[in-house]
Structure formats: structure tokens, C-alpha cells
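Examining the three-dimensional arrangement
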Amino acid sequence: MLYRKLGNTDIEISAVSFGTGSLGELFGPLDEGDALRLVDEAIDSGINFIDTSPFYGSAEYRLGKALPGKRDKVILGTKAGRYGVTDFDYSAKRVRESVETSLRLMNTDYLDILQLHDIEHVPLERVLNEGYAALVQLRDEGKCRYIGMTGYPLATMRRVMTDVDLDVLLTYAHGTLLDNSIGDLQPLAQERGVGLINAAALTLGLLSPGGSNVSFFEHPASTAIQQSAAKMIALGKQRGVDLAFIANQYAIQESGCATTVVGVGKSRHLASAVDAVSTPIDAGLLAELLALRPAEDARQWISGLPENN
């Protein structure tokens, strides 16, 4: 496993991180025994960051069963503010209640990373004032070591890095074969000392031959993005290669981020993501795939409130 420094924190983070949406059955049923074994396999592979959220169903509860005796081996991160498809609350009271619940469920007395989750879905003023103040207070109390925010729109990500002092920031589907715009955030992140975390290397399933298997939403990508993804999948099939593996290679090796969070629910997918850290990319095939990207001004979609995009 490869480890990289996360912004100005003291964290040396694994190039692949373990996302726990699958543990909470966001992508379909997962037997609890299999879920607990998957956590063990992730840790044994050298992955040291586990990313979860109250939004991810039973993930925190299952982590509470998986981590006894292993807590010191992992960087544990959770989120607050998003609790359902349309349930958002970034008030100080709700953030604090959420964190106390997360700590209890995961059988720990502190978090390594605490972030406000998918902030673009509400007016940002409350997030950047009351929500942010709650993060700072919880950090000061020792409930968490580092604080951050997560979301999709680049405009929102730029604003939060500019307006408040964050340790980390997670954004998704911007460091992928379809869209490399996470690079546009990196100069500001470096200037502000923010550790950038990449996620959704498969663009929420678009780059998986089976497509997205998240049942609670219709994929928000435009027709142009989805057509480009379909062309990439077709090229992968033509060449007899696993496009998901190449997508992970690109996200991990070429995005410029310290780590990429992968959400997997099967041991073979976890092992493949770990292999993608060190397996050299086929430069010729990569060039062909990147040539199939949408036009540069058509690589993102609208997420959350229009004014936050």
C-alpha cells in the first residue's frame, strides 16, 4: 500500500480508502458477517482510512462491531448533516447529537475526521456559520481531530475552502476518467493546507459495466456524460479489459489527491482496488479512453441548490 500526507494534517493516509455505503446496504443487501469480514480485509490490505456517515444506513452500527481491538489501526471518519435522501440539518444542535450517536454506535470516544455531508443541498450561510462553528467546538472538545466538508459542485467546494478554515475536503466524481476537474481545486487546497479526498472513481456506477446500483436516485449525469461513459465501457469490452479497474487506477494514480475512497461490497472488488494502486496504467489505452470524455464544459452536472453550483 502507498501512503501520502493528507494536507497539513499529521495523517499519512492510504492511497485507497474504504467507503462504507455498501456496509449500510445502500447498494443492496450485505450479510452482516460478510460486512465485518470486509472491514477486516480492508485493514489487512493496508487501508487505514474508513469513511462513513449516518446517511449510510447501518454502516456505523456495523463498524462498531468490526472495530473493537482495531480502532488504533484506522483513521475513522464520519459525517453529519445529511440523514436521508431529502433530510438535511446542519444546525449546531443536530450536528452535536449526530456526532454523539455516531461515537456510541462505533464504540469510540473520538473521530479522526468529522465532515459536514453534502452541503450543497441547503443555503450555505447556515453551514458556514452555525454548522462550521459546531465542527470547531467539537474539535476543541476532542470529539474529533480534524474537520471538513463534502459535496459535489466545484463552486461550493471553492467557497468553503475560501470562507472557513478546513483540514480536509471530500468531493466526488471529479477525479475520474470522465472528469478531471478536481485538479482545478488543488491549487487552492494547497494554498489553504486542505487535504483533498477523491471519491466515486466509477462516477456513481457510470463506469461500471453493470451501471449504477443505487436504488434511491436517478443518476444525475447529463446525456453527454452518460454517452461518454457508454463509449468507454464499449471500448473496454472490445479490448477485453476491466474498465472499473482502469477507472480506479486513474483515480488513485492520476487525480493528484492523497486518497480515493472506494465503496465496495465484495472481497474481489476490494482486492482489485488495492491492486490498482501499484499496477501501471496502460498509457495507450488510457489515452484512447480520455479522448472519449465529454467536452470540457460538459463534464459536470447540477447538484443541490442551483445557486450552489
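Summarised in this report is the structure supplied together with it. (Residues numbered from 1 in each chain as written. Predicted model: local features only at pLDDT ≥ 70, side-chain atom pairs only at ≥ 80, totals over all residues. Heavy atoms only, no water.)

**Points about the sheet that holds strand β8 (residues 168-172)**
Which entries qualify depends on this criterion: Note: two strands are recorded as paired if DSSP finds a minimum of 2 bridges between them. Secondary structure elements follow DSSP: runs of H or I no shorter than four residues count as helices, runs of E no shorter than two count as strands, and numbering proceeds from the N terminus. Fitted lines through C-alpha atoms serve as axes, helices being fitted only where they are in contact, and the angles separating the N-to-C directions of these axes extend from 0 to 180 degrees. Contacts are assigned to residue pairs that have any heavy atoms within 4.5 Å of one another.
Strand order in the closed barrel formed by eight strands is β3-β4-β5-β6-β7-β8-β9-β10, with parallel pairing between adjacent strands. Across this sheet, the average inter-strand angle for adjacent strands is 30°, counted without regard to direction. Against the sheet, helix α5 (residues 154-163) contacts β7 (144-151) and β8, and its axis sits at roughly 175° relative to β8.

**Describing the nonpolar core**
Convention followed: Within this scheme, the nonpolar core is defined by two criteria: the residues are buried Ala, Val, Leu, Ile, Met, Phe, Trp, Tyr or Cys, and they are joined through side-chain atoms within 4.5 Å. Categorising residues by exposure relies on relative accessible area from a 1.4 Å probe, with only protein chains included: less than 20% of the type maximum marks a residue as buried, more than 50% marks it as exposed, and the intermediate range marks it as partly exposed.
Membership of the largest hydrophobic core comes to 68 residues, with the highest contact counts inside it found for Phe18, Val39, Leu116, Ile119 and Met149. The element contributing the most residues to this core is helix α4 (residues 124-140), with eight residues. Ranked by size, the runner-up nonpolar core spans 36 residues in total, among them Tyr152, Leu206, Leu235 and Trp301.

**What about the side chain of arginine 62?**
Note the cut-off: Distance and chemistry together define a polar contact, namely a pair of N or O atoms within 3.5 Å, with one atom able to donate a hydrogen and the other to accept it when in protein, and with adjacent residues in sequence counting only for side-chain atoms on both sides.
Its place among the elements puts arginine 62 in helix α2 (residues 59-66). From its side chain, arginine 62 meets the backbone oxygen of leucine 30 in a polar contact 2.8 Å long. With residues up to four places along the chain from it excluded, the contact list for arginine 62 reads Leu23, Glu25, Leu30, Asp31, Glu32, Ala35 and Leu36.

**A short note on the pattern of salt bridges**
Condition: Salt bridge criterion: a side-chain nitrogen from Lys or Arg within 4 Å of a carboxyl oxygen from Asp or Glu.
For the structure shown, the criterion picks out 18 salt bridges. Of the charged contacts, one joins arginine 145 and aspartate 10 as a salt bridge, the two residues approaching to 2.6 Å between their closest N and O atoms. Here arginine 145 is found in strand β7, whereas its partner aspartate 10 is found in the loop between β1 (3-5) and β2 (12-14), with 135 residues between them in sequence. When the shortest N-O distance is used, the salt bridge between aspartate 167 and arginine 139 registers 3.0 Å. Within this pair, whereas aspartate 167 is found in the loop between α5 and β8, its partner arginine 139 is found in helix α4, the two being separated by 28 residues in sequence. Classification of arginine 139 as partly exposed rests on a relative accessible area of 26%. One connected set of salt bridges, linked through shared partners, spans Asp10, Arg71, Asp112 and Arg145.

**As for the layout of surface pockets**
As a reminder, the rule being used: Lining residues are those with an atom within 4 Å of a point, where the points come from a 1 Å grid over the protein atoms alone and group into cavities, where a 1.4 Å probe fits but cannot get out, or pockets, open sets with protein on both sides within 12 Å along at least five of seven lines. Grid points are joined across faces, edges and corners, and a volume is the space filled by probe spheres set on the points. Just so you know the grouping, Ala, Val, Leu, Ile, Met, Phe, Trp, Tyr, Cys and Pro go in nonpolar, Asp, Glu, Lys and Arg go in charged, and all remaining residues, Gly too, go in polar.
By volume, the second largest pocket is sized at about 210 Å³. Contributing to the lining of the second largest pocket are 13 residues, with Gly7, Ala189, Gln190, Val194 and Leu196 lying nearest its centre. Listing elements by their share of the lining of the second largest pocket, those giving two or more residues are α6 (186-192) and β9 (195-199). Counting residues per element, the lining of the second largest pocket draws most heavily on α6, which supplies three residues. Of the residues assigned to the lining of the second largest pocket, the class counts are five nonpolar, seven polar and one charged.

**Let's talk about the packing of aromatic side chains**
Test applied: Planes of paired rings set the category: under 30 degrees apart is stacked, over 60 is edge-to-face and the rest tilted, where pairs are Phe, Tyr or Trp rings (Trp by its six-membered ring) whose centres lie within 6.5 Å. Placement of a charge over a ring requires the Lys NZ or Arg CZ to be within 6 Å of the ring centre, with the centre-to-atom vector within 35 degrees of the ring normal.
Considering all chains together, one arrives at three aromatic pairs under this definition. Ring geometry for phenylalanine 55 against tyrosine 56: centres 6.2 Å apart, planes inclined by 45°, an arrangement best described as tilted. Ring geometry for tyrosine 152 and tryptophan 301: centres 4.4 Å apart, planes at 5°, overall stacked. Of the two residues, tyrosine 152 is situated in the loop between β7 and α5 and tryptophan 301 in the segment after α10 (283-290); the sequence distance between them amounts to 149 residues. Of the two residues, tyrosine 152 and tryptophan 301, both sit in the buried class. Members of the aromatic cluster, each reached through a chain of ring pairs, are Tyr152, Tyr172 and Trp301. One residue, arginine 71, lies across the ring of tyrosine 110, its end atom 4.2 Å from the ring centre. Above the face of the tyrosine 83 ring, arginine 94 is positioned so that its terminal group lies 3.9 Å from the ring centre.

**A few points about the pairing of β7**
Our working rule: A clockwise course of the path from the first strand over the helix to the second, judged with the strands pointing away from the viewer, identifies a crossover as right-handed.
Counting buried positions along β7 gives seven out of eight residues, so the element sits mostly inside the fold. Bridge count for β7 against β8 is four bridges, and the pairing is parallel. Its bridge partner lying in β8, glycine 151 is registered against threonine 171. Crossover β7 to β8 through α5 is right-handed.

**Comments concerning the pairing of strand β6 (residues 111-116)**
Taken across its six residues, β6 has six buried, putting it largely inside the fold. In terms of handedness, the path from strand β5 (residues 75-80) via helix α3 (residues 92-105) over to β6 forms a crossover that is right-handed. In this view, the connection linking β6 to its parallel neighbour β7 by way of α4 has right-handed handedness.

By themselves these figures say nothing about function.
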